[in-house]
Structures are given as C-alpha cells and as structure tokens.
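Chain and residue survey
Single-letter residue listing:
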Amino acid sequence: MRSGGIADNLALVRERIAAACGRVGREPVEVKLVGVTKTVPVERIREAMEAGLEIIGENYVQEARSKLQALAGLPVVRHFIGHLQTNKAKSALECSDWIETVDSRSLATELNRRAAPGAKLPVLLQVNIGGEETKSGIQESELPSFLAFCRGLDRLDVRGLMAIPPFFDQPERVRPHFRRMRELIENLRKDAGEPRSLSELSMGMSGDFETAIEEGATIVRVGTAIFGKR
Ligand SMILES: *Cc1c(COP(=O)(O)O)cnc(C)c1O
C-alpha cells in the first residue's frame, strides 16, 4: 500500500473520516487523527506534519525518545499507544503528552508519581475488550473500580477509554467490540452522573477506523494507511 505520497494518503484518510462521520451525523472535528509512527523515520514524520498531521502515536519508549528528540520544538502532540511497563513510566513521560495505555494500578500510580507537580496528564484507560489472554488492558468487570482508583490520582486526567479489539480482516466483525466500548463508556458516564466526562474513545486502526467512527470513536490511530506498510 505504497500508493501516493504521505500528503495524498493523509488527505484520503481525512476524506474517509469525513465520509464515515457523514454516515452517522457526526462532525469530522469530533474525531482526532493519531498518525501511528512506529518504525517510521523522522523524515517521513516531518513530511506528514507538513501535510497537517497534528498528533502522532508511538509504541516503544526507546524509539519514541530518540525520534522525538529530533522533532523537539515542532508543534505535535505525542500519544503513547504501546504497552507500558511500570518501570518505563518516567521515560515515557519524557516523550509523551498523552498516555493511552494505562492498564494497571501500579502503572497509574507510577505515572502519577512521576508527572510534574500540578500536572494534569491526559490518560486513557485501556480495556481488554475481547477478553484475550495475550492482550493487555483492564477487564470490563474491573473497569468501574479501576476508574475510581485513577480518578483518585491527582496528576492524572482520565479522558476516556482505549481499546485494541481482536483482529479480523473484515471490519464488520470488529463492529460489535466497538459498539461494546461505546456502551461501556456510556455506562461509566451514567454511574458518575457526569454525562460530559470521559469524552474520548480511542479505537479503530487502518483496517477499521471508519467502522470505529460509526460506532463513536473520537480518536482513531492510523499507521499503514498514512505511512504505508511497515
Ligand atoms: C500499530 C498500531 C496502530 C496502527 O495500526 P495500522 O493498522 O498500521 O493503522 C494503532 N494502534 C496501536 C495500538 C498500534 O500498535
């Protein structure tokens, strides 16, 4: 999938986001596009930023640190989207503005301890939506108590939920998982009596971001469709 250049790919992804929004009566401004840049060299990240990409997502702390130093000073919001070990929390904070993959009390506690005093670090709670043993994420049943725990950590700003559903070739088969995520976040909002809290739902990748948007995604994480095959 190395069709056009990055700018063309990005424009096409934006058109597809707008079309998906249109099908369900949403506005494209409601959907943040995270360009996933794992394995992508800095030159190509710059190219994407010049074409208007505003948010990038990295999976590995070491890779993110070296690349992001090269991008220092440029206006880009950095999301950490990989599995994060508790002992790497400090390093991750040095190269990330958001952490999308908070999946344990120890990690949440360490992020809170390492965040700057007075900081409000935007975080998402990662849900193991397919209940897959090999994937990280909080189980559905643990979510309310985990949310309450994280809300007690004063330097964390819990913005919503994130998931990597089981992989299927056909997006229609992922749809029930996206729909379930939407139900989960709506239930949490209801429990909290705060309909406007937890506004972010990060789900959908190159193969299924349109379906995710139809089901309520506010953040889509797209790598291949922008940068080509890894
Ligand atoms: C790699 C990755 C993506 C992007 O996947 P593509 O299929 O290349 O769009 C999204 N989210 C996470 C967590 C990833 O690791």
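This text follows the structure it describes.
Everything in this summary refers to the structure shown in the same document. As the structure is a computational prediction, the values presented were derived from the model and not from experiment.

**Comments concerning the environment of R26**
- Among the structural elements, R26 can be located in the loop between helix 1 (6-23) and strand 1 (32-36).
- The class of R26 is buried, set by a relative accessible area of 14%.
- As a C-alpha pair, R26 and K229 span 203 residues in sequence and 30 Å in three-dimensional space.
- Within polar-contact distance, the side chain of R26 engages the side chain of E30 at 3.1 Å.

**Some remarks on the side chain of E110**
- The topology assignment puts E110 in helix 5 (residues 105-114).
- Among all residues touching E110, those that are not within four sequence positions of it are T86 and A89.

**Concerning the site of the ligand**
- Within the structure, the ligand sits among V36, K38, N59, I81, I164, M205, S206, R221, V222, G223, T224 and R230.
- Separating an oxygen atom of the ligand from a side-chain N or O atom of K38 is a distance of 2.6 Å.
- Here G223 contributes a backbone N or O atom positioned 2.8 Å from an oxygen atom of the ligand.
- Taken together, the residues of the shell around the ligand break down into five nonpolar, four polar and three charged.

**So, helix 5**
- Looking at helix 5, one finds that the buried residues are L107, A108, E110, L111 and N112.
- Each element contacted by the buried residues of helix 5 is listed here: helix 4 (89-94), strand 4 (98-102), strand 5 (121-127), helix 6 (143-151) and strand 6 (156-163).

**Section: unusual backbone geometry**
- Look at T39: it is not a glycine, yet its phi comes out positive at around 70 degrees.
- Inspection of the secondary structure puts T39 in the loop between strand 1 and helix 2 (42-50).
- The phi dihedral of L198 is positive, around 45 degrees, even though this residue is not glycine.
- Since its relative accessible area comes to 3%, L198 is described here as buried.

**Considerations on helix 6**
- Within helix 6, burial applies to L143, F146, L147 and C150. Down the axis of helix 6, the sector holding all buried residues measures 100 degrees, keeping them to one side.
- Tucked inside the fold, the buried residues of helix 6 contact strand 4, helix 5, strand 5, strand 6 and helix 7 (171-192).

**What about the packing of helix 6 against helix 7?**
- At a minimum axis distance of 11 Å, the contact between helix 6 and helix 7 shows a crossing angle of 60 degrees. In this view, helix 6 runs oblique relative to helix 7, as classed from their interaxial angle. Helix 7 is crossed by helix 6, and the crossing has right-handed handedness. Every residue of helix 7 that contacts helix 6 at L143, P144, L147 and R151 is listed here: L184, L188 and A192.
- For the contact of helix 6 with helix 7, the per-class residue count stands at six nonpolar, no polar and one charged.

**Details of the pairing of strand 6**
- Burial runs high along strand 6: six of the eight residues are buried.
- Summarising the sheet, strand 5 and strand 6 pair through seven bridges and their orientation is parallel. Counted as the bridge partner of V123 is V158 from strand 6.
- The parallel pair strand 5 and strand 6, bridged by helix 6, forms a crossover whose chirality is right-handed.
- Pairing between strand 6 and strand 7 (residues 200-202): three bridges, direction parallel. Within strand 7, the position partnered with L161 by the bridge is L201.

**Let's talk about the nonpolar core**
- Grouped together as the largest cluster of nonpolar side chains are 64 residues, with contacts concentrated most on I99, L111 and L161.
- Aside from chain neighbours lying at most four places away, what touches I99 is F80, L84, A92, L93, L111, L121, P122, V123 and L124.
- By size, the runner-up hydrophobic cluster in this structure holds six residues, among which are V34, I55, W98 and I219.

**As for the layout of surface pockets**
- In this structure, the largest pocket spans a volume of roughly 410 Å³.
- Every residue lining the largest pocket is counted, 21 residues in all, and those nearest its centre are F167, M205, S206, G207 and D208.
- What lines the second largest pocket is a set of 13 residues, and nearest its centre among them are R14, V31, K32, L33 and E54.
- Breaking the lining of the second largest pocket down by element, the ones donating at least two residues are helix 1 and strand 1.
- Considering each element in turn, the lining of the second largest pocket owes the most residues, three residues, to helix 1.
- Within the lining of the second largest pocket, the residues separate by chemical class into nine nonpolar, one polar and three charged.

Definitions and limits used
Residues numbered from 1 in each chain as written. Predicted model: local features only at pLDDT ≥ 70, side-chain atom pairs only at ≥ 80, totals over all residues. Heavy atoms only, no water. Helix = DSSP H or I, 4+ residues; strand = E, 2+ residues; numbered from the N terminus. Buried < 20%, exposed > 50% of the residue type's maximum accessible area, 1.4 Å probe, protein only. Polar contact = N/O pair within 3.5 Å; in protein donor to acceptor, adjacent residues only side chain to side chain. Contact = heavy atoms within 4.5 Å. Near = heavy atom within 4 Å. Nonpolar A, V, L, I, M, F, W, Y, C, P; charged D, E, K, R; others polar. Arc of directions from axis to C-beta. Axes fitted to C-alpha atoms, helices over the stretch in contact; angles between N-to-C directions. Parallel < 35°, antiparallel > 145°, perpendicular 65-115°, else oblique. Left-handed = near helix turned anticlockwise from the far one by under 90°. Pairing = 2+ DSSP bridges. Right-handed = clockwise from strand over helix to strand, strands pointing away. Core = buried A, V, L, I, M, F, W, Y, C linked by side-chain atoms within 4.5 Å. 1 Å grid on protein atoms, 1.4 Å probe; cavity = no way out; pocket = protein on both sides within 12 Å on 5 of 7 lines; lining within 4 Å. Points joined across faces, edges and corners; volume = space filled by probe spheres on them.

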